[in-house]
Amino acid sequence: MYQPDSFEKEFYQSRANQFANQVKRYLDGNLDADVFQQLRLRNGLYVERYSPMIRVAIPYGQLNSEQLRALADIADRYDRSYGHFTTRQNIQFNWVTIEDSPNLLRDLAKVGMHAIQTSGSCVRNITTDHLAGISSDEMVDPRPWCELIRQWSTLHPEFYWLPRKFKIAISGSIEDRAAVRFHDIGIELYRGPANQTLARILVGGGMGRTPVIGKVLKESQPAKNLLAWLQAIIHVYNKHGRRDNKYKARIKILVNDRGIDRFQKEVEGVYQKYFELQGEWDEKRFIDIENSFAPPRLDDHAVPTNIIPVHSNHFLKWRETNTETHQDPDRVIVQLPLKAKGVAPGDMDSENMRNLADIADYYSGGEIRVTHRQNLVLPWVHRKHLHAIWQHLDEIQLATPNLGMLTDSIVCPGLDYCSLANASTIPVIKELGVAIDDLDRIHDIGKISLKMSGCMNACGHHHAADIGVLGVDKKGKEWYQITLGGDAGKEACIGERVGPAISRQQIVGAILNILDTYLDIRESGESFGKCFRRVGVKPYQEKLYADHKKSRNHADRVAA
Amino acid sequence: MQIIKNREIMQTEWLPDQPIQHMNSRRQILALDTWLEQLDFYRTSKRREALPGVMLQPDENLELLKEWLTKIPVIAINVENFSDGRVYSLAFELRQFHHYAGEIRAIGAVYDNLSMMEQCGFDAFVLREGLSVEEAIGYFSEIEFDYSLRTPVPLAD
């Protein structure tokens, strides 16, 4: 995987020093609060509901074991000994102080990490397929392109103060695991007839309060012209995106207002200029980047003799659910859902970070990946080690066999941490976990995506879920809107609302109700999405609100 | 008036916001509207070779100025809001798309971001009142790192 060199580490260090100076001026009263806010956001520092929070960049979700250990140390030193993996493949520390934050950034810099542009109105962490370079359906490895774009977008002088945050995702496989159609810019890489790398560029997708599916801006562009296209698109957005209303400031609004044809013409006009400015494509430099993504040197230790393989049902279930086919037939992709019962989705404590770093060193070439579904991946596990690694993972609660299933839900931090939230999310998911604490039942339901956001910003990607839950505020009370049938993949679509919002007391029951309806009406082997496209929202609606009414009448009678 | 120009502290004679009757004073910076009103005058005047400076707002279009750019010695860009990225694109367009070679001066909410402004083509800065000019000189070199694949943005001469 890509390793930052000494120049980059120095750069992150000088960035931390610059921030230390800004913090000092702010605390001394020599820097205006609104200016400091903009500066701290671009260093990943938010001021949240109860405490400042720092969001650390994990470029396209790739970590090495040394970095994971450093994150564990940071969790102990600056936070309450845990961190939270996010839907942008980053990690957040929820209980830090403004005064400590420069030192936290200096500690990160030592292992080639940083928090640059993890918040604020600028180009954010580039995300990609968490199975890049290892999946069996890959056409182009997107990671070198992610790295190229990461370098280009870091402290980009022209595009550091955009109208609003800007998210780019890249996919290079048949299945889209990066949700490129829900990004400000989505890029799909594929091979042309002469095996050259081509790009399809989509623009103006996004979630938030106005969910929009990205539109194709350009097809079949040589990938080496990508940077010129990105510059042209973001230049037009930087100049014309709305700055008077932050809810109308994302590029999707500009694209919709102008229409894709006019927007495309404007971009093409500027593209030519950037294309001429960029000069010759530096093939050698790109090959260097590509080479940095060569598979790690793997030491395939002999299977430890003290571990006697007992192929229990637990193991078999785990192997079936949490592992995937690798490009290399000797290897297996091992997924680690951070969704054990009673744990907030995406959370991990420092002890487990260190445990996992050791496991990754021994079994996976020291590499760990973060997925946008708030899980982790060990990408280089040898087939013969599967049973041994399962035992290690099971001991530290990282072998819950629920990948892609109901309890592997995506959830934003909600009211427990976030100052934007209207409603709590984590307690709802924990409650649901207790209500459905039966692996057989979860496996019977099968693959299904449940995603939950605590407010309109949709950090939990609820629009793109089989079952989406959105927290809303009604007169100071927590309510929830349910949407069904959304999809983040190549058949991207936005979930449809089932009906009026459901109260906090009834939301878990409502989710169970929807699951029951699905089990009743699905045909053999039919996924939730397929079933939904066949029957629509109606059966869910009827059942949910009929039962809902019944239980309310019942409650009224009891109260009377 | 004290400004930072090419990373040095110096005095400038080019001043914005002078009343119109001072048109004959040569070193003025006029709002774009006012500047354009004088276009006919410039066309006939001996001053064709040394026009007044122009003050641009973040949303202004450069089309109207295009043919005059080689004659304008100073273009000031008003940074209305610290986080308004349009001024960066405006400076970039002036330098890269129109090859403007005169001074591009940032005025208004000019704080810490001098290095990025410089990379986009600004070469002169009037800091927000109350900030230390001496300290601000240091902001240019806080981070000396650039990924080489970025579009090169040469500094103005």
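Since this is a predicted model, take the numbers as computed values, not measurements.

A. Region of interest: the overall build of chain A. When you go through chain A residue by residue, the secondary structure sums to 17 helices and 21 strands. C-alpha atoms of chain A, sized along the principal axes, occupy 75 × 65 × 60 Å. Residue burial in chain A is summarised as follows: out of 560 residues, 62% are buried. Considering only contacts within chain A whose residues lie at least 6 apart along the sequence, 69% involve residues at least 24 apart. Accessible surface for chain A amounts to roughly 21,600 Å². Of this, 48% is attributable to carbon and sulfur atoms. If you average the places of the 72 positive and of the 70 negative side-chain charges in chain A, the two averages end up 6 Å apart.

B. Quick look at the interface of chain B and chain A. Across the boundary between the two partners, chain B contributes 29 residues, which contact 41 residues of chain A. Summing both sides of the interface, chain B and chain A together bury roughly 3,300 Å²; the carbon and sulfur share of this comes to 62%. Remark: the boundary between chain B and chain A carries 4 salt bridges. In this structure, Asp-84 of chain B and Arg-243 of chain A form a salt bridge, with 3.6 Å as the shortest nitrogen-oxygen distance. Our count for the contact surface shared by chain B and chain A stands at 12 residue pairs in polar contact (both at pLDDT 80 or more). If you list the elements that add at least two residues to the side of chain B that touches chain A, you get helix 3 (86–97) and helix 4 (114–120) of chain B. The biggest single contributor to the side of chain B that touches chain A is helix 3 of chain B, with 7 residues. Of the residues in the side of chain B that touches chain A, the class split is 14 nonpolar, 8 polar and 7 charged.

C. Here's a closer look at the pairing of strand 19 (residues 477–484) of chain A. All names here are of chain A. As defined by bridge partners, strand 18 (residues 467–474) adjoins strand 19 across 8 bridges and the pair is classed as antiparallel. Bridge pairing in strand 19 places Val-472 opposite Trp-479. The antiparallel pairing of strand 18 with strand 19 creates a hairpin that spans 2 residues between the two strands, and Lys-475 there sits at a positive phi of about 50 degrees. Taken together, the 2 bridges between strand 19 and strand 21 (residues 502–503) define a ladder with antiparallel strand orientation. Paired with Trp-479 across the two strands is Ser-503, which belongs to strand 21.

D. Representation of the environment of His-382 of chain A. Residue and element names in this part refer to chain A. Positionally, His-382 belongs in strand 15 (residues 375–382). Look at His-382 and you get buried, because its relative accessible area is 14%. Distance from His-382 to Cys-459, taken between C-alpha atoms, is 35 Å for residues 77 residues apart in sequence. Beyond its immediate sequence surroundings of up to four residues, His-382 is in contact with Asp-300, Asp-330, Arg-331 and Tyr-363. Polar side-chain contacts of His-382 include one of 3.1 Å to the backbone nitrogen of Lys-384.

E. A look at the confidence of the model for chain B. Taken as a whole, chain B shows an average pLDDT of 85; of its residues, 85% reach a score of 70 or greater. When the criterion is pLDDT under 50, residues 151–157 of chain B qualifies, and its contacts beyond four places in sequence or with other chains add up to 12 contacts.

F. View of the packing of aromatic side chains. Residues and elements named next belong to chain A. Across all of its chains, the model carries 29 aromatic pairs over all chains by this definition. Taking the centre distance of 6.1 Å and the plane angle of 10 degrees together, the rings of Phe-19 and Phe-36 count as stacked. With Phe-19 in helix 1 (residues 6–27) and Phe-36 in helix 2 (residues 33–41), this residue pair connects regions lying 17 residues apart in the sequence. Classification of Phe-36 as buried rests on a relative accessible area of 2%.

G. How the structure looks around the nonpolar core. Ranked by size, the top nonpolar core spans 105 residues in total, and within it Leu-71, Leu-356, Leu-378 and Leu-393 of chain A together with Trp-35, Ile-72 and Ile-77 of chain B carry the most contacts. At 7 residues, the largest contribution of residues to this core is made by helix 3 (residues 65–78) of chain A. Setting aside chain neighbours within four positions, we find Leu-356 of chain A in contact with Leu-68, Leu-336, Met-348, Ile-368, Leu-376, Leu-378, Leu-393, Ile-396 and Leu-398 of chain A. Listed in part, the 46 residues of the second largest apolar core include Leu-162, Leu-226, Ile-251 and Val-267 of chain A.

H. Spatial organisation of the sheet that holds strand 5 (residues 53–56) of chain B. All names here are of chain B. Spatially, 2-1-8-7-6-5-4-3 is the arrangement adopted by the 8 strands of the open sheet, whose pairing is mixed. Among the strands making up the open sheet, the edge pair consists of strand 2 (8–11) and strand 3 (15–16). Two strands pair when backbone bridges link them, and strand 5 and strand 6 (residues 74–79) are joined in this way by 3 bridges, in the parallel orientation. When the bridges of strand 6 are listed, Met-55 appears paired with Ala-76. Helix-sheet contacts for helix 3 involve strand 5, strand 6 and strand 7 (103–108), and the interaxial angle to strand 6 is about 165 degrees.

I. Layout of unusual backbone geometry. Of note, the phi angle at Asn-195 of chain A is positive, near 65 degrees, even though the residue is not glycine. Here Asn-195 of chain A is to be found in the loop between strand 8 (185–191) and strand 9 (197–203). For Asn-195 of chain A, a relative accessible area of 51% puts it in the exposed group. A positive phi angle, close to 65 degrees, is found at Arg-7 of chain B, a residue other than glycine. Mapped onto the elements of the fold, Arg-7 of chain B is located in the loop between strand 1 (2–5) and strand 2.

J. Spotlight on the side chain of His-114 of chain A. Relative to the helices and strands, His-114 of chain A is located in the loop between helix 4 (101–110) and strand 6 (127–128). Only 2.9 Å separates the side chain of His-114 of chain A from the backbone nitrogen of Ile-116 of chain A, close enough to count as a polar contact.

K. How the structure looks around the domain arrangement of chain A. All names here are of chain A. The domain architecture assigned to chain A consists of domain 1 (6–110), domain 2 (127–288), domain 3 (313–395) and domain 4 (410–559). Contact residues are listed per partner, giving 11 residues for domain 2 and 15 residues for domain 3. Summing both partners gives a buried area of about 1,000 Å² for domain 2 against domain 3, and 52% of it is carried by carbon and sulfur. Ranking the residues of domain 2 by area buried against domain 3 places His-130, Leu-131 and Ile-134 at the top, with a combined share of 59%. Applying the counting criterion to the domain 2 and domain 3 interface returns 0 salt bridges.

L. Fine view of helix 4 of chain A. Residue and element names in this part refer to chain A. The element helix 4 is extensively covered by neighbouring structure, given that 7 of its 10 residues are classed as buried. Where helix 4 is concerned, the buried positions are Ser-101, Pro-102, Leu-104, Leu-105, Asp-107, Leu-108 and Ala-109. Its buried side turned inward, helix 4 meets helix 1, strand 1 (45–47), strand 2 (52–56) and helix 3.

M. Helix 10 (residues 313–322) of chain A, seen in detail. Residue and element names in this part refer to chain A. Phe-315, Trp-318, Thr-321 and Asn-322 are the residues of helix 10 that are buried. Angularly, the buried residues of helix 10 cover 140 degrees about the axis, an arc narrow enough to put them on a single face. Set apart from the buried face of helix 10 by more than 90 degrees, the exposed residues are Asn-313 and Glu-320. Contact partners of the buried residues in helix 10: strand 11 (323–325), strand 12 (331–337), helix 12 (386–395) and helix 14 (439–445).

N. Local environment of the sheet that holds strand 8 of chain A. Residue and element names in this part refer to chain A. Reading across the sheet, the 5 strands line up as 6-7-8-9-10 and stay open at both edges, with mixed pairing between neighbours. With one partner strand each, in any of the chains shown, strand 6 and strand 10 (215–222) form the two edges of the open sheet. The strands touched by helix 5 (residues 143–153) are strand 6, strand 7 (168–171), strand 8 and strand 9; relative to strand 7, the strand with the most contacts, the crossing angle is about 160 degrees.

Procedures and definitions
- Residues numbered from 1 in each chain as written.
- Chains lettered and ligands numbered in written order.
- Predicted model: local features only at pLDDT ≥ 70, side-chain atom pairs only at ≥ 80, totals over all residues.
- Heavy atoms only, no water.
- Helix = DSSP H or I, 4+ residues; strand = E, 2+ residues; numbered from the N terminus.
- Buried < 20%, exposed > 50% of the residue type's maximum accessible area, 1.4 Å probe, protein only.
- Contact = heavy atoms within 4.5 Å.
- Areas by Shrake-Rupley, 256 points an atom, 1.4 Å probe, with all protein chains shown as cover.
- Lys, Arg positive; Asp, Glu negative; His and termini not counted.
- Charge placed at Lys NZ, Arg CZ, Asp CG, Glu CD.
- Buried area = accessible area lost by both parts, 1.4 Å probe.
- Salt bridge = Lys/Arg side-chain N within 4 Å of Asp/Glu carboxyl O.
- Polar contact = N/O pair within 3.5 Å; in protein donor to acceptor, adjacent residues only side chain to side chain.
- Nonpolar A, V, L, I, M, F, W, Y, C, P; charged D, E, K, R; others polar.
- Pairing = 2+ DSSP bridges.
- pLDDT = per-residue confidence, 0-100.
- Phe/Tyr/Trp six-rings, centres within 6.5 Å; stacked < 30°, edge-to-face > 60°.
- Core = buried A, V, L, I, M, F, W, Y, C linked by side-chain atoms within 4.5 Å.
- Axes fitted to C-alpha atoms, helices over the stretch in contact; angles between N-to-C directions.
- Domains from an automatic or database assignment.
- Arc of directions from axis to C-beta.

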